[in-house]
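If you want the building blocks of each chain, they are given just below.
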Amino acid sequence: MAGHVLVTGGTGYIGSHTVVLLVEAGYRVTIVDSLCNSSAGALSRIAAITGKPDAVTFVQLDLRDRAGVTALFAATPFDGVIHFAALKAVGESRAKPLLYYDNNLGGTLVLLQAMADAGCKTLVFSSSCTVYGDGVPPLSEDSPTGLTTNAYASSKLITEQMLADVCRCDPTWRVCILRYFNPVGAHPSGLIGEDPRGVPNCLMPYVLQVLVGRLEKLTVFGKDYATRDGTAIRDYIHVVDVARGHLDALAWMRKQLEAAKAAGGATGLLEYFNFGTGTGSTVLELVAALEKASGKKVPMVIGPARAGDVPAAYANIEKVRRASAAPLTHSGELTHTHTTVFCRRAACWAGARSTPSTTARGTHGTGRAKTRAGTRCR
Ligand code: NAD
Ligand code: WQD
């Protein structure tokens, strides 16, 4: 048995993909999720993919519920925590900053206090490339952070600072901060994927909804950027690679711990890793990849640039590569060829959800909508 991991936000988009891999790797998993942006339907889908329904325990709980979280740690000796749970809609965070500070910082504070009290001090935290603000790409882990323009981004930055303070005062904590760039795609089973509520804000789910006829056309936000085709550049990474990186981070931390113990050195660590591919794609390139993968045309118009958007953000993944002996390899393995594959999988996920056998409206993340179980997307 690889250990027992608490996964906060484990019924959400990235969380559910990670839980699948954890279970497949032999971990016991407890998911804590309030279901504020996901559905319990994800649990049966995870069980269908892994064939191990008993490997996952689900606790519906808001992380801000101090008594509930404390009781959870008192009842189970977790070997580590992967902390996904957060609200993540940038626009909403501009309109409701206090909600974002309350949920993302309040929930994390309760979690860290419960972990400290229980002596469980191994944490993998979901951060974001948004902490780099409008930094100049390629962005490496030591690129300057700050100058955030919304409460979501600020909540990630403040949480990173919170974790640095905790590690400074108690050097027995082992923390990996993972800064994801743009996770996209779906599990090859077609059973779990991204399914935002309402009209999607992000490019990939928006284009998928155009492809399946749910939305009429894509508006490209700006074509006057100083990029190869005038549209903005992002680093799109397959969600399964992001998920796998969490298992690598756990393994890497375990290895560091063993090495430190053998050397009689300090066992604590705080490390930052970029989870991107190291390659940027423009909006038009991503659309072209999706068109190729689906065999359909995406109707589009050019609109003004979106407020707050940066022209280009992509990762320098040298640090992940260097840690690869550890190994944290997977986030560096994607290529443009792979782009076509993951776009096909994601298009398949969206297509399956829009067939008559699906329910009309799923929830965010790995929602209630029924797909045709067993549909394989390759
Ligand atoms: P998601 O919304 O699909 O999953 C988050 C889950 O957390 C949801 O299931 C939600 O119900 C739960 N949750 C939120 N607040 C909670 C609380 N207070 N208590 C308990 N559960 C709570 O989002 P995702 O895309 O899977 O993102 C996971 C993490 O990765 C988030 O921290 C997000 O900020 C970060 N991230 C995501 C992206 C992305 O593009 N998806 C990029 C960078 C970072
Ligand atoms: C990608 C590109 C848009 C929609 C988000 C979060 C950020 C972080 C990373 C979580 C941009 C363009 C989009 C559309 C378009 N996530 N676009 N038409 O901008 O990198 O940011 O992911 O931590 O916090 O905000 O991703 O998918 O929204 O946009 O032209 O309808 O697609 O302008 O250039 P982004 P995105």
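Residues numbered from 1 in each chain as written. Chains lettered and ligands numbered in written order. Predicted model: local features only at pLDDT ≥ 70, side-chain atom pairs only at ≥ 80, totals over all residues.

Thoughts on the site of ligand 2
Next, step 1: Around ligand 2, the surrounding shell holds 19 residues, and the nearest of these are Ser-128, Cys-202, Leu-203, Phe-221 and Ala-232.
Next, step 2: For the shell around ligand 2, the secondary-structure elements that each account for two or more residues are helix H7 (203-211) and strand S8 (218-221).
Next, step 3: A per-element tally of the shell around ligand 2 places S8 first, with four residues.
Next, step 4: In the shell around ligand 2, the residues fall into ten nonpolar, five polar and four charged. (Near = placed C-beta within 6 Å. Helix = DSSP H or I, 4+ residues; strand = E, 2+ residues; numbered from the N terminus. Nonpolar A, V, L, I, M, F, W, Y, C, P; charged D, E, K, R; others polar.)

Notes on helix H6 (residues 151-169)
Next, step 1: Here H6 spans 26 Å end to end across 19 residues, near enough to the 27 Å set by a 1.5 Å rise per residue.
Next, step 2: All of the buried residues in H6 are Ala-151, Tyr-152, Ala-153, Ser-154, Ser-155, Lys-156, Leu-157, Thr-159, Glu-160 and Leu-163.
Next, step 3: Buried positions along H6 lie against helix H4 (90-95), helix H5 (97-118), strand S5 (122-128), strand S6 (174-180) and strand S11 (269-275). (Expected span 1.5 Å × (residues − 1). Buried ≥ 20, exposed ≤ 12 C-beta atoms within 10 Å, placed from the backbone. Contact = placed C-beta atoms within 7 Å.)

Considerations on the sheet that holds strand S3 (residues 56-60)
Next, step 1: If you walk across this open sheet you meet the seven strands as S3-S2-S1-S4-S5-S6-S11, and the pairing is parallel. Each end of this open sheet is capped by a strand with a single partner; those strands are S3 and S11. Within this sheet the neighbouring strands show an average axis-to-axis angle of 20°, counted without direction.
Next, step 2: Sheet analysis places strand S2 (residues 28-33) next to S3, joined by five bridges and oriented parallel. When the sheet's bridge partners are listed, Val-29 is paired in S3 with Val-56.
Next, step 3: Here helix H8 (residues 239-263) sits on the sheet and contacts strand S4 (80-83), S5, S6 and S11; the angle it forms with S6, its principal contact strand, is near 155°. (Pairing = 2+ DSSP bridges. Axes fitted to C-alpha atoms, helices over the stretch in contact; angles between N-to-C directions.)

Digging into the confidence of the model for the protein chain
Next, step 1: Here the protein chain shows a mean pLDDT of 88. Residues at 70 or above account for 88%.
Next, step 2: Counting interchain partners and residues more than four positions distant, the pLDDT-below-50 stretch residues 326-335 has 34 contacts.
Next, step 3: Below a pLDDT of 50 lies the segment residues 355-378, which in the model reaches 69 contacts outside its immediate sequence neighbourhood of four places, other chains included. (pLDDT = per-residue confidence, 0-100.)

Quick notes on helix H9 (residues 283-294)
Next, step 1: Here H9 spans 17 Å end to end across twelve residues, near enough to the 16 Å set by a 1.5 Å rise per residue.
Next, step 2: Residues Val-283, Leu-286, Val-287, Ala-289, Leu-290 and Ser-294 constitute the buried set of H9. End-on view of H9: buried residues confined to an arc of 160°, all on one side of the axis.
Next, step 3: Just past H9, the residue Gly-295 takes up positive phi, approximately 75°. (Arc of directions from axis to C-beta.)

As for the sheet that holds strand S9 (residues 233-234)
Next, step 1: Read from one edge to the other, the open sheet built from three strands follows the order S12-S9-S14, with strand pairing classed as mixed. Taken across any chain shown, the strands that pair with only one partner, and hence form the sheet edges, are strand S12 (281-282) and strand S14 (312-313).
Next, step 2: With two bridges connecting them, S9 and S12 associate as antiparallel partners. Paired with Ile-233 across the two strands is Thr-282, which belongs to S12.

A look at the nonpolar core
Next, step 1: Counting 96 residues, the largest nonpolar core has Val-19, Val-29, Leu-178, Val-207 and Ala-346 as its most contacted members.
Next, step 2: If you tally residues by element for this core, the top one is H8, at nine residues. (Core = buried A, V, L, I, M, F, W, Y, C linked by C-beta atoms within 7 Å.)

Some details on the pairing of S8
Next, step 1: Burial along S8 is one-sided: Leu-218 and Val-220 are buried, while Thr-219 and Phe-221, pointing the other way, are not.
Next, step 2: Taken together, the four bridges between S8 and strand S13 (residues 300-303) define a ladder with parallel strand orientation. Counted as the bridge partner of Phe-221 is Gly-303 from S13.

Some points on the packing of helix H3 (residues 66-75) against H5
Next, step 1: For the pair H3 and H5, interaxial distance at closest approach is 9 Å and the crossing angle is 35°. The handedness of the crossing between H3 and H5 is right-handed. Side by side, H3 and H5 meet where Arg-66, Val-69, Thr-70 and Phe-73 of the first sit next to Val-110, Leu-111, Ala-114, Met-115, Asp-117 and Ala-118 of the second.
Next, step 2: Of the residues in the contact of H3 with H5, the class split is seven nonpolar, one polar and two charged. (Left-handed = near helix turned anticlockwise from the far one by under 90°.)

Things to note about the packing of helix H1 (residues 13-24) against helix H2 (residues 41-50)
Next, step 1: Interhelical geometry of H1 versus H2 gives an angle of 35° and a closest axis separation of 10 Å. Crossing hand, H1 versus H2: right-handed. Where H1 abuts H2, its residues Ser-16, Val-19, Val-20, Val-23 and Glu-24 lie against Ala-42, Ile-46, Ile-49 and Thr-50.
Next, step 2: Split by residue class, the contact of H1 with H2 holds six nonpolar, two polar and one charged.

Looking at unusual backbone geometry
Next, step 1: Here the bond from Pro-137 into Pro-138 is cis, since omega is 0°, no more than 30 degrees from zero.
Next, step 2: Along the chain, Pro-138 turns up in the loop between S5 and H6.
Next, step 3: A positive phi is found at Leu-35, a non-glycine position, where the angle reads about 65°.
Next, step 4: What makes Leu-35 partly exposed here is the crowd of 18 C-beta atoms within 10 Å.
Next, step 5: For Leu-147, which is not glycine, the phi torsion reads 50° and is therefore positive.
Next, step 6: Among the secondary structure elements, Leu-147 is positioned in the loop between S5 and H6.
Next, step 7: Judged by the 12 C-beta atoms lying within 10 Å of it, Leu-147 falls in the exposed class.

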